Amino acid sequence: AQSVTQPDIHITVSEGASLELRCNYSYGATPYLFWYVQSPGQGLQLLLKYFSGDTLVQGIKGFEAEFKRSQSSFNLRKPSVHWSDAAEYFCAVGSYGGSQGNLIFGKGTKLSVKP
Amino acid sequence: EAQVTQNPRYLITVTGKKLTVTCSQNMNHEYMSWYRQDPGLGLRQIYYSMNVEVTDKGDVPEGYKVSRKEKRNFPLILESPSPNQTSLYFCASSLSRGHQPQHFGDGTRLSIL
């Protein structure tokens, strides 16, 4: 079955510290991978996406993610967290074309940032 | 500006009173979908539409209806809302079914008493 797992429900980091949010997926077709961020009371904003090519992708707000096919992972990283990064983060997997096309979301990881 | 617009943003209502949440996109997208977001469950797809007059069930369609009479609009209808439909709802659109990423609206928070 297709699924996305975000093992960490809630993570707290200090401002200025590095961050890694984990995402593992199970998907039959060639996956296209996304990270979305949701600030309180807001909709989902796309941080970055991986379709093909370089497995290290850069996104907005200083985030990056690395696709590791052998580990079925797409972890999100940021070298230095800012207080404004406190939000909920969702990993999602989808496909391009064919009979599939719906996004499958993980359950989210809530990030808190300590001053 | 490219956007997906949902209305209302917030609604408190009572069990059994029919309601409609509207969704409109200005990007001429073919594919539109509705999700609900619940704590600890992430986003789950309710219904989707691949084009005008073409709709299909997602993962959690019970208690919901949709229609797609025009390309830009994809309303979500709750004929007889119940408290278990209290949730945060998102509409999304993309160029076509397999085209990513999807663009999301700002969400509609529904409370069914």
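Residues numbered from 1 in each chain as written. Chains lettered and ligands numbered in written order. Predicted model: local features only at pLDDT ≥ 70, side-chain atom pairs only at ≥ 80, totals over all residues. Heavy atoms only, no water.

(A) Fine view of the pattern of salt bridges. All names here are of chain A. Counted under the stated rule, the structure contains eight salt bridges over all chains. Ionic pairing is found between R77 and E64, a salt bridge with its closest N-O pair at 3.3 Å. Remark: E64 occurs in strand β8 (residues 64-68) and R77 occurs in strand β9 (residues 73-78); sequence separation between them is 13 residues. Look at the salt bridges and you will find they share partners, linking E64, E66 and R77 into a network. (Salt bridge = Lys/Arg side-chain N within 4 Å of Asp/Glu carboxyl O. Helix = DSSP H or I, 4+ residues; strand = E, 2+ residues; numbered from the N terminus.)

(B) Region of interest: unusual backbone geometry. Look at the link from B:N7 to B:P8: it is a cis peptide, with omega at -5 degrees. By the secondary structure assignment, B:P8 is in the loop between β1 (4-7) and β2 (10-13). Despite not being glycine, A:S72 has its phi angle at roughly 50 degrees, a positive value. Structurally, the position occupied by A:S72 is in the loop between β8 and β9. A:S72 gets classed as partly exposed once you look at its relative accessible area, which sits at 26%. A positive phi is found at B:E53, a non-glycine position, where the angle reads about 65 degrees. Mapping B:E53 onto the fold places it in the loop between β5 (42-51) and β6 (54-57). Overall, the relative accessible area of 61% leaves B:E53 in the exposed class. (Buried < 20%, exposed > 50% of the residue type's maximum accessible area, 1.4 Å probe, protein only.)

(C) Region of interest: the state of the cysteines. Residue and element names in this part refer to chain A. Counted by the stated rule, this structure contains two disulfides over all chains. The disulfide partner of C23 is C91, and the gap between their sulfur atoms is 2.0 Å. On the S-S bond that ties C23 to C91, the torsion sits near -65 degrees, and the link is left-handed. Residue C23 is located in the loop between β3 (19-21) and β4 (24-26), and its partner C91 is located in strand β10 (residues 87-94); the two are separated by 68 residues in the primary sequence. (Disulfide = S-S within 2.5 Å.)

(D) Structural view of the side chain of A:E64. Engagement of the side chain of A:E64 in a polar contact is seen with the side chain of A:Q58, the distance being 3.1 Å. Setting aside its immediate chain neighbours within four residues, A:E64 contacts A:L48, A:L56, A:V57, A:Q58, A:N75, A:L76 and A:R77. (Polar contact = N/O pair within 3.5 Å; in protein donor to acceptor, adjacent residues only side chain to side chain. Contact = heavy atoms within 4.5 Å.)

(E) Expanded view of the sheet that holds strand β8 (residues 76-78) of chain B. Residues and elements named next belong to chain B. Across the sheet, four strands lie side by side as β1-β3-β8-β7; this open sheet has antiparallel pairing. Strands at the two margins of the open sheet, each flanked by one partner only, are β1 and β7 (65-66). Bridge count for strand β3 (residues 19-25) against β8 is three bridges, and the pairing is antiparallel. The partner of V21 across the bridge, within β8, is L76. (Pairing = 2+ DSSP bridges.)

(F) Region of the structure containing the environment of B:D38. All names here are of chain B. Within the secondary structure layout, D38 lies in strand β4 (residues 31-38). According to the relative accessible area criterion, D38 is buried, its value standing at 11%. Each C-alpha atom of the pair D38 and L11 lies 16 Å from the other, and the pair is 27 residues apart in sequence. If we skip the residues at most four places from it in the chain, D38 touches R44, T86 and S87. At a separation of 2.7 Å, a polar atom in the side chain of D38 contacts the side chain of S87.

Any functional reading would require information beyond the geometric quantities listed.
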